[in-house]
Amino acid sequence: MQAPSGHTTTPPVHALLADGALAGEWALDPGQSSVQLKSRVLGGLIRVNGVFRDVSGNGTVSPDGQVSGTLTVAAASIDTKQAKRDTHLRSADFFDTGNHPDITFTVHGIRPSDQGAEVTGTLTVRDRAQPLSFTAAATVQGGSEISLDAEVHINRADFGLTWNFLGMVSMDNTLAIHAAFTRR
């Protein structure tokens, strides 16, 4: 099955995993990848969107189709286009980037699902690790590029990010992830 862009869609990805065609080492392409943070303030009336400007990662696909890897985000690279807010997000009230510079997601596996690929792993923020599973759309281009796209819902309190002035900042957040990998 072909997507309009010429990329293959998820079912062939799983066939390629099963037959070993994607086996090898993969590196995240930071120029083609993005991690965006979406939140709401003032009781949900105002959207706050940000992007982490510094992302890196790698992955391994074994000959039998097992997938592992890591996506690392430099917490201090948050950019919401408001310097004062960004400084506050980097402070001990939120990411505490001086003591906890990285946010990491360690992939434990990827398996087929009705909606795409089910990704399982561990998300670590401020040295607090939580299991995390989500559905992602997967595409392969030419056997040398793989992309995963997902929206992941998290509760920031699970990671100790509980600052909330008068209850006006949502605890529920969304990470919009586009992770593009190239074969090493």
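In this report, the structure presented in the accompanying data block is examined. By convention here, each chain's residues receive numbers from 1 onward along its written sequence. Owing to the predicted nature of the model, reporting of local features is limited to residues with pLDDT of at least 70; listing and counting of side-chain atom pairs is limited to 80 or more, with chain, interface and lining totals taken over all residues. For the side-chain quantities, the full set of heavy atoms in the structure was used; hydrogens and water were omitted.

### Regarding the packing of aromatic side chains
For this analysis, a ring pair means two rings from Phe, Tyr or Trp (six-membered ring only for Trp) whose centres lie within 6.5 Å, classed as stacked if their planes differ by under 30 degrees, edge-to-face if by over 60, and tilted for the remaining angles. Counted according to the given criterion, the structure contains 2 aromatic pairs. Taking the centre distance of 5.8 Å and the plane angle of 70 degrees together, the rings of Phe 52 and Phe 95 count as edge-to-face. Remark: Phe 95 occurs in the loop between α2 (83–90) and β7 (102–113) and Phe 52 occurs in strand β3 (residues 46–52); sequence separation between them is 43 residues. An angle of 50 degrees between the planes, with centres 5.6 Å apart, marks the rings of Phe 105 and Phe 134 as tilted. With Phe 105 in strand β7 and Phe 134 in strand β9 (residues 128–141), the pair connects residues that are 29 residues apart, well separated along the chain. Three exposure classes are used, based on accessible area relative to the maximum for each residue type with a 1.4 Å probe and protein chains only: buried under 20%, partly exposed in between, and exposed over 50%. For Phe 134, a relative accessible area of 12% puts it in the buried group. Secondary structure follows DSSP: runs of H or I at least 4 residues long count as helices, runs of E at least 2 residues long count as strands, and numbering of each begins at the N terminus.

### Quick notes on the pairing of β7
When DSSP finds two or more bridges between two strands, those strands count as paired. With 6 bridges joining them, strand β5 (residues 67–74) and β7 adopt antiparallel strand pairing. The residue of β7 that forms the bridge with Thr 70 is Thr 106. Summarising the sheet, β7 and strand β8 (residues 116–125) pair through 9 bridges and their orientation is antiparallel. Bridge assignment links Ile 110 to a residue of β8, and that residue is Val 119. Where β7 hands over to β8, the hairpin turn is made up of 2 residues, counted between the paired strands.

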